[in-house]
Amino acid sequence: MEKKVALSVILSLALATTAMTALASSSTHQESSDQPVEASDTKEDGGITPFNVDKTWNAKAIGGANVPQYFSVNAGYGHLKLFMKNYSSNSVTVNLTHLDSTLVYFTKTIPAGGSLDWKDFDEGYPQGMRGGNYVLQWIGGSYNVNGETFGKLASSTSDF
């Protein structure tokens with residue numbers, strides 16, 4: 001009889017622990033999406049001004065000597081920050097082009113093992129970027145590219 005009671009208590013505790021763990025993990029899980037995320041910024045007068053983050057992403061640039069990375073800028077989210085890291089032992093050239101107008105926003109060289117932090121509002125685009133489709137082109141010349149891009153789009157420069 002004591003063994004049945006002890007076994008029953010152990011099973012009950014195991015079930016309760018499993019249920020609590022499942023509940024805790026489901027309440028802290030956040031899904032990633034391309035939908036804008038609302039945030040807020042407190043004004044001096046105590047009011048709250050909403051601003052939006054459109055999306056954040058990271059993408060590897062690995063493979064051939066020429067690796068394109070495509071992304072889009074949604075209307076109203078034209079402030080862009082890119083952080084690019086060159087993991088290769090050779091320098092690479094990166095350029096950002098708006099595909100809908102063929103406007104080239106920049107062409108920069110990242111040294112071997114180096115990085116580049118680019119923000120539109122620090123580089124002559126204080127009003128933001130055009131909406132539409134873009135390509136960030138990684139060019140390694142006669143060497144294969146090995147890099148990574150971290151990007152963030154937002155409606156306000158204060159989000160960076």
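That block above? That's the structure.
Let us look at the structure shown here.

Reading the values: the criteria
- Residues numbered from 1 in each chain as written.
- Predicted model: local features only at pLDDT ≥ 70, side-chain atom pairs only at ≥ 80, totals over all residues.
- Heavy atoms only, no water.
- Phe/Tyr/Trp six-rings, centres within 6.5 Å; stacked < 30°, edge-to-face > 60°.
- Helix = DSSP H or I, 4+ residues; strand = E, 2+ residues; numbered from the N terminus.
- Buried < 20%, exposed > 50% of the residue type's maximum accessible area, 1.4 Å probe, protein only.
- Salt bridge = Lys/Arg side-chain N within 4 Å of Asp/Glu carboxyl O.

### Topic: the packing of aromatic side chains
Within this structure, the stated rule accounts for seven aromatic pairs. Ring centres of Phe106 and Trp118 lie 4.8 Å apart, and the angle between their planes is 40 degrees; on these two criteria the pair is classed as tilted. One end of the pair, Phe106, is in strand S6 (residues 103-110); the other, Trp118, is in strand S7 (residues 115-119), with twelve residues separating them in the sequence. With respect to burial, Phe106 and Trp118 carry one shared label: buried. What links up through ring pairs into an aromatic cluster is the set Trp57, Phe71, Tyr105, Phe106, Trp118, Tyr125 and Tyr134.

### Remarks on the pattern of salt bridges
All chains considered together, the criterion is met by three salt bridges. Note that Glu148 is salt-bridged to Lys60, the shortest N-O span being 3.5 Å. You can see Glu148 sitting in strand S9 (residues 146-154) and its partner Lys60 sitting in strand S2 (residues 48-62), a full 88 residues away along the chain. The class of Glu148 is buried, set by a relative accessible area of 6%.

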